[in-house]
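Spelled out, the chains give:
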Amino acid sequence: MREFTARFATDQEIAEWDSHVTANPSGGNLLQSEAFALVKKDHGWKPQYVVYEPTDGSQPSYNLVLEKSVPALGRLWYMIKGPDVASVDDIPGIVAANERFVAGPARGVFAIKYEPEIVASDYAAGVMARSGLVKSFEIQPNDSTAVLDTHMDEKALLKSLHSRGRNAVRRATREGCEVDQVPLTEENMRAMYALMDSVGQGHAKVTLRSYEYYRAFWNNFADRGQGRLYFTYEDGKPSVGAYVISYGRKGTYKDGGSKPRRKQYGDSHLVQWSAITDLKQDHEITQYDFCGTPPSDQLKNKEHPYYGLGLFKTSFTKTVVDYVGVWDQPLSRAKYAVWNNVAEKVQRQLWVRRTGQPFY
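The present account deals with the structure reproduced in this document.

About the criteria used
Residues numbered from 1 in each chain as written. Predicted model: local features only at pLDDT ≥ 70, side-chain atom pairs only at ≥ 80, totals over all residues. Heavy atoms only, no water. Pairing = 2+ DSSP bridges. Helix = DSSP H or I, 4+ residues; strand = E, 2+ residues; numbered from the N terminus. Contact = heavy atoms within 4.5 Å. Axes fitted to C-alpha atoms, helices over the stretch in contact; angles between N-to-C directions. Buried < 20%, exposed > 50% of the residue type's maximum accessible area, 1.4 Å probe, protein only. Right-handed = clockwise from strand over helix to strand, strands pointing away. Phe/Tyr/Trp six-rings, centres within 6.5 Å; stacked < 30°, edge-to-face > 60°.

As summarised here, the arrangement of the seven strands in space is S1-S2-S3-S4-S5-S14-S6, forming an open sheet in which the pairing is mixed. Bordering the open sheet on either side are strand S1 (4–8) and strand S6 (134–135), each of which pairs with just one other strand. Note that strand S5 (residues 109–114) and strand S14 (residues 327–330) share four bridges and pair antiparallel. What sits directly across from Ile112, in S14, is Gln329. Here helix H4 (residues 91–102) sits on the sheet in contact with S1, strand S2 (46–54), strand S4 (74–79), S5 and S14, set at roughly 45 degrees to S1.

As structure tokens, this is what we get:
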């Protein structure tokens, strides 16, 4: 087991945050980014920037931590999509470092929620449990997700797609479907939000945040050259939309929407293909995350709320990755028991009533 020390990032490190995060062992995650930190800062969370340094002098890990104050209990930390570690075997060292950290500079934190992008396995779950962590419910929709390897040239990449996706892309292209990368004007963002609100929300059980949340999110990433919006049109109006992000060498299909009962077959596939090939050309991405499917053993379950989304995304790639999900580190057992049994439910209900938005 490697040992780590934990500290808050310096002002200089925070000013160069994205360059540090994308140099992490697994290449970073957009939900650890500067752009996302600023979004959450305006929506109920305090960003904390934490650095874990191995005592052997090897590469440190830079992690965004979202903090929320809970009356009578103290501070809750949510390490969204973190910690970024080389392997699950580093988790015990991170847990021990956090115990020492909370006894000193980070005093007052009663629990930490971990959400590392570590592939699920019996071994990984065992390491997490033996580290003193407690399995919790999943928060992000991409704890299971379809991932496309994009390191090859465009011709080979198209050939690598599942036949359903490849045929849809070719047909839409042959029939003259056009895809545009569009500016983030107020009109385009409103149109995108409307498409998201009409894409089978009842079936997929997708809860949209406010338009203001998405506008801030989209603009924050676009302002840094990391996010872009794509449309295809039907009868002169946007019919399929996708907001995609390049962060480090990873591309992500973050938000999507479409008009039901469209005429053009394969239009949504061509939007994705256009985004993927553009990100390859402009940012040299080597991986594209379709951001959320049913777990790999539930892909054929038609009752799963993400069944339709999974069907579409696995028409590009059959590689579905299941991550270990969320695990809690109780730093005060008594306070954590209150949080887990009562306070979290109350806090979430109050937040939803006050803002109409999800708590996390």
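Picking up where we left off.
Turning to the pairing of S5, a few remarks are in order. Within S5, six of the six residues are buried, which leaves it mostly tucked inside the rest of the structure. Here five bridges tie S4 to S5, and the two strands are oriented parallel to one another. Considered in S5, the bridge of Leu76 is made with Ala111. For the crossover that starts at S4, traverses H4 and ends in the parallel S5, the hand is right-handed.

Here S4 lies mainly inside the structure; five of its six residues are buried. Pairing geometry for strand S3 (residues 61–70) and S4, over five bridges, is antiparallel. By the bridge assignment, Lys68 is partnered in S4 with Leu76. Adjacent in sequence and paired antiparallel, S3 and S4 are bridged by three residues, among which Ala72 carries a positive phi angle near 75 degrees.

This brings us to the packing of aromatic side chains. Enumeration over the complete set of coordinates arrives at 24 aromatic pairs. With a centroid separation of 5.9 Å and 65 degrees between ring planes, the pair formed by Phe110 and Trp339 is classed as edge-to-face. On the criterion of sequence distance, the pair formed by Phe110 in strand S5 and Trp339 in helix H13 (residues 333–355) is long-range, its members being 229 residues apart. Its relative accessible area of 1% is what places Phe110 among the buried residues.

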